[in-house]
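# Geometric and topological summary
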Amino acid sequence: MRFGILGPLFISADEAASMPTAPKQRKLLALLLLNANQLVSVSECVEELWEYDPPASAVATLQTYVMQLRRFLRTGAAPCLASTERLITRDRGYGIVTREGELDLAIYNDKVRQGQTALAVGDDRTAARVLRGALSLWRGSALSDVQPGPLLNIQLAGLEESRLGVLQQRIEADLRLGRHQELLSELSVLTRRQPLHESLHAQFMLALYRSGRQVDALQVFHRIRRVLADELGLSPSPPLQRLHEAVLSADPCLEAPVAETPPAIYSLI
């Protein structure tokens, strides 16, 4: 059995995948899976499904949706679930029970923890490999086929922040391993998609400089400086300005590390 939320919502069993077609049932299922193995209160379910204007029959209708989801899990596209209760009701709340290795989000979080542990002890090769594996679990935007309500929106924003942070950490490990040329295309796309993200621009500048493209690295700095000024009325942060100065002066600390250790200036970004 597999449950997927890092992309379009899905449940699969015996290589077959199917989902409830009713939008509110899908939204409820998504909320429960994002909080797998925890109880989601009735009030939270009502807020997610009807936002701030629930009908008088909201609780009764929610109970109907839960009953329909339970029936789907038992007899629909995932009949192998019939032998055990996955959708539980307790203390005016609902929850979905998942086991180890079934939910892509749980697998992602485990891999992220492993990768960050490797980073902390300086094992960049393992960190890059494990974090790359974590990111490969994403199949686009999380719950891309579900119309989120207020609670899902908050959690989805957190997931996207996590994804971007893990991506930065993986790139950091790759830079420490001397893979700067391999990163150029990826960082070019990322900085265009995230025009205000200073850390990604710093990584792009470093990768360009180490690839013998000092002028291009300086142009990346000038581009983000203009965007920050135009969009926010701000100047680049002190760490990014120090990186710019180091690139201008061809500071030796920017050279690719021999012993796979990060350069002093880059470590501040």
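Here, every reference points to the structure presented above.
Counting of residues starts from 1 at the beginning of each chain's written sequence and follows it residue by residue. Per-residue local features are limited, in this predicted model, to residues with pLDDT of at least 70; the limit for side-chain atom pairs, both in listing and counting, is 80 or more; totals at the level of whole chains, interfaces and linings are taken over all residues. The side-chain figures draw on all heavy atoms in the structure; neither hydrogens nor water molecules are used.

### Quick notes on the packing of aromatic side chains
Going by this rule: Centre distance within 6.5 Å is the pairing criterion for rings of Phe, Tyr and Trp, where only the six-membered ring of Trp is used; planes under 30 degrees apart are then read as stacked, over 60 as edge-to-face, and the remainder as tilted. Helix and strand assignments follow DSSP, with helices taken as H or I runs no shorter than four residues and strands as E runs no shorter than two, numbered in order from the N terminus. Remark: exposure states derive from per-residue accessible area (1.4 Å probe, protein chains only) relative to the maximum for the residue type, with buried under 20%, exposed over 50%, and partly exposed in between.
For the structure shown, the criterion picks out two aromatic pairs. Centre to centre, the rings of W50 and Y65 are 6.2 Å apart; their planes meet at 20°, and the pair counts as stacked. Residue W50 is found in helix α2 (residues 42-50), and its partner Y65 is found in helix α3 (residues 58-75); the two are separated by 15 residues along the sequence. In this structure W50 comes out as buried when scored by relative accessible area, which is 15%. Between Y108 and W138 the ring centres are 5.8 Å apart and the planes differ by 85°, which places this aromatic pair in the edge-to-face class. Of this pair, Y108 sits in helix α4 (residues 104-120) while W138 sits in the loop between α5 (124-135) and α6 (150-176); the two residues are 30 residues apart in sequence, bridging distant segments of the chain. Residue Y108 shares its accessibility class with W138, and that shared class is buried.

### Here's the deal with the nonpolar core
Across soluble globular proteins, you tend to see nonpolar side chains buried next to one another. Rule in force here: Take the buried residues of types Ala, Val, Leu, Ile, Met, Phe, Trp, Tyr and Cys, join any two whose side-chain atoms come within 4.5 Å, and each joined set is a nonpolar core. Every residue pair with non-hydrogen atoms within 4.5 Å of one another is taken to be in contact.
Residues L9, L28, L62 and L143 are the most contacted members of the largest nonpolar core, which totals 79 residues. Considering each element in turn, this core owes the most residues, 10 residues, to α6. The residues contacting L28, other than those within four sequence positions of it, are C45, L49, L62, Y65, V66 and L69.

### Considerations on the sheet that holds strand β6 (residues 93-96)
Stated precisely, the cut-off is as follows: The rule for pairing is simple: two strands pair if DSSP sees at least two bridges between them.
The strand order β4-β6-β5 describes an open sheet built from three strands, whose pairing is antiparallel. The sheet terminates laterally at β4 (40-41) and β5 (87-90), the two strands that pair on one side only. With four bridges connecting them, β5 and β6 associate as antiparallel partners. Along β6, the bridge assignment pairs R90 with G93.

### Here we look at helix α7 (residues 180-193)
The condition is simple: In a helix, the anticipated span is given by 1.5 Å times the number of residues less one. Here the bend at each residue means the angle between axes fitted to two seven-residue stretches, the one ending at that residue and the one beginning there.
Between its terminal C-alpha atoms α7 stretches 19 Å, which fits the 20 Å expected from 14 residues at 1.5 Å a residue. The principal kink in α7, of about 35°, is found at E186. Inspection of α7 places H180, L183, L184, L187, L190 and T191 among the buried residues, and these make up the whole buried set. Contact partners of the buried residues in α7: α6, α8 (198-210) and α9 (214-232).

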